[in-house]
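Notes for the structure review
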Amino acid sequence: MANEKQYPMTKEGKEKLEQELEYLKTVKRKEVVERIKIARGFGDLSENSEYDAAKDEQAFVEARIQTLENMIRNAIIIEEDTENPDVVSLGKSVTFIELPDGEEETYTIVGSAEADPFEGKISNDSPIAKSLLGRRVGEEVTVQTPGGEMLVKIVAVK
């Protein structure tokens, strides 16, 4: 069997995935089965849009359950790096400013499984994170983004 992809994540990120998995298995799955039963009662399945929609939702829920189980099974918990407090690493928050006169931005670098840019969590696979990982407070770093290069200065790592 080929090596499965590993998913680096924080302990909190893994717990969040476990909660979602539990909800899908215990609540959502039962709701969808009930919707399928009700839709079957509407008669001819070949022209039953409610049945088709419920079956589509069932396929989505089952696929998400498989994805979550795989991610949890292959999770690598990120340990806090206390020996290098000024170095950007997985699980840490990094604050930087875009040079010459940009705004200050703060992101937490996490594994792809728990990335959520709207919550300030970026994937370690993202262009910004790849450029910042291993760098120190005070360093100026050129970041390759889809919109072009930008120069940033790291001002804090927590």
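Residues numbered from 1 in each chain as written. Predicted model: local features only at pLDDT ≥ 70, side-chain atom pairs only at ≥ 80, totals over all residues. Heavy atoms only, no water.

Look at helix α1 (residues 11–40) against helix α2 (residues 49–73): their axes get within 9 Å of each other, and the N-to-C directions meet at 160°. It follows that α1 is roughly antiparallel to α2 by the angle criterion. The interaxial crossing formed by α1 with α2 has left-handed handedness. Partitioning the contact of α1 with α2 into residue classes produces 15 nonpolar, 1 polar and 14 charged. (Axes fitted to C-alpha atoms, helices over the stretch in contact; angles between N-to-C directions. Helix = DSSP H or I, 4+ residues; strand = E, 2+ residues; numbered from the N terminus. Parallel < 35°, antiparallel > 145°, perpendicular 65-115°, else oblique. Left-handed = near helix turned anticlockwise from the far one by under 90°. Nonpolar A, V, L, I, M, F, W, Y, C, P; charged D, E, K, R; others polar.)

All right, on to unusual backbone geometry then. Peptide bonds are trans in most cases, and residues, glycine excluded, mostly fall at negative phi. Residue P100 follows L99 across a cis peptide bond; omega there is 10°. Following the sequence through the fold, P100 ends up in the loop between β3 (93–98) and β4 (104–110).

Moving on to the UniProt feature "domain: Transcription elongation factor GreA/GreB C-terminal" (unreviewed entry) in the protein chain. Within this numbering scheme, the UniProt entry marks residues 85–158 as carrying the feature "domain: Transcription elongation factor GreA/GreB C-terminal" (unreviewed entry). The span residues 85–158 is 8% helical and 43% strand by assignment, and the distance between its end C-alpha atoms comes to 7 Å. (UniProt positions renumbered as here; feature names shortened; annotations may be inferred.)

So, on to the nonpolar core. Ranked by internal contacts, the top residues of the largest apolar core, which has 17 residues, are M9, L17 and A113. Elements that contribute at least two residues to this core include exactly β1 (7–9), α1 and α2. Here the element with the most residues in this core is α2; it accounts for 7 residues. Beyond its immediate sequence surroundings of up to four residues, A113 is in contact with Y7, M9, L17 and M71. By size, the runner-up hydrophobic cluster in this structure holds 15 residues, among which are F96, I122, V143 and V152. (Core = buried A, V, L, I, M, F, W, Y, C linked by side-chain atoms within 4.5 Å. Buried < 20%, exposed > 50% of the residue type's maximum accessible area, 1.4 Å probe, protein only. Contact = heavy atoms within 4.5 Å.)

The next thing to look at is the UniProt feature "domain: Transcription elongation factor GreA/GreB N-terminal" (unreviewed entry) in the protein chain. Summarizing the sequence annotation, UniProt attributes the feature "domain: Transcription elongation factor GreA/GreB N-terminal" (unreviewed entry) to residues 8–77 in the numbering used throughout. Secondary structure across residues 8–77 comprises 79% helix and 7% strand; the distance between its end C-alpha atoms is 6 Å.

To continue, consider the domain arrangement of the protein chain. According to the domain assignment, the protein chain consists of domain 1 (5–75) and domain 2 (85–155). Contact residues are listed per partner, giving 9 residues for domain 1 and 7 residues for domain 2. Around 570 Å² of area is buried between domain 1 and domain 2 when both sides are counted, 56% of it from carbon and sulfur atoms. Of all residues in domain 1, P8, T10 and K16 bury the most surface against domain 2, accounting for 56% of the area lost on that side. The interface formed by domain 1 and domain 2 contains 0 salt bridges. Seen at the junction of domain 1 and domain 2, the total is 2 residue pairs in polar contact (both at pLDDT 80 or more). Those elements that provide at least two residues to the side of domain 1 that touches domain 2 are β1 and α1. Taken together, the residues of the side of domain 1 that touches domain 2 break down into 5 nonpolar, 2 polar and 2 charged. (Domains from an automatic or database assignment. Buried area = accessible area lost by both parts, 1.4 Å probe. Salt bridge = Lys/Arg side-chain N within 4 Å of Asp/Glu carboxyl O. Polar contact = N/O pair within 3.5 Å; in protein donor to acceptor, adjacent residues only side chain to side chain.)

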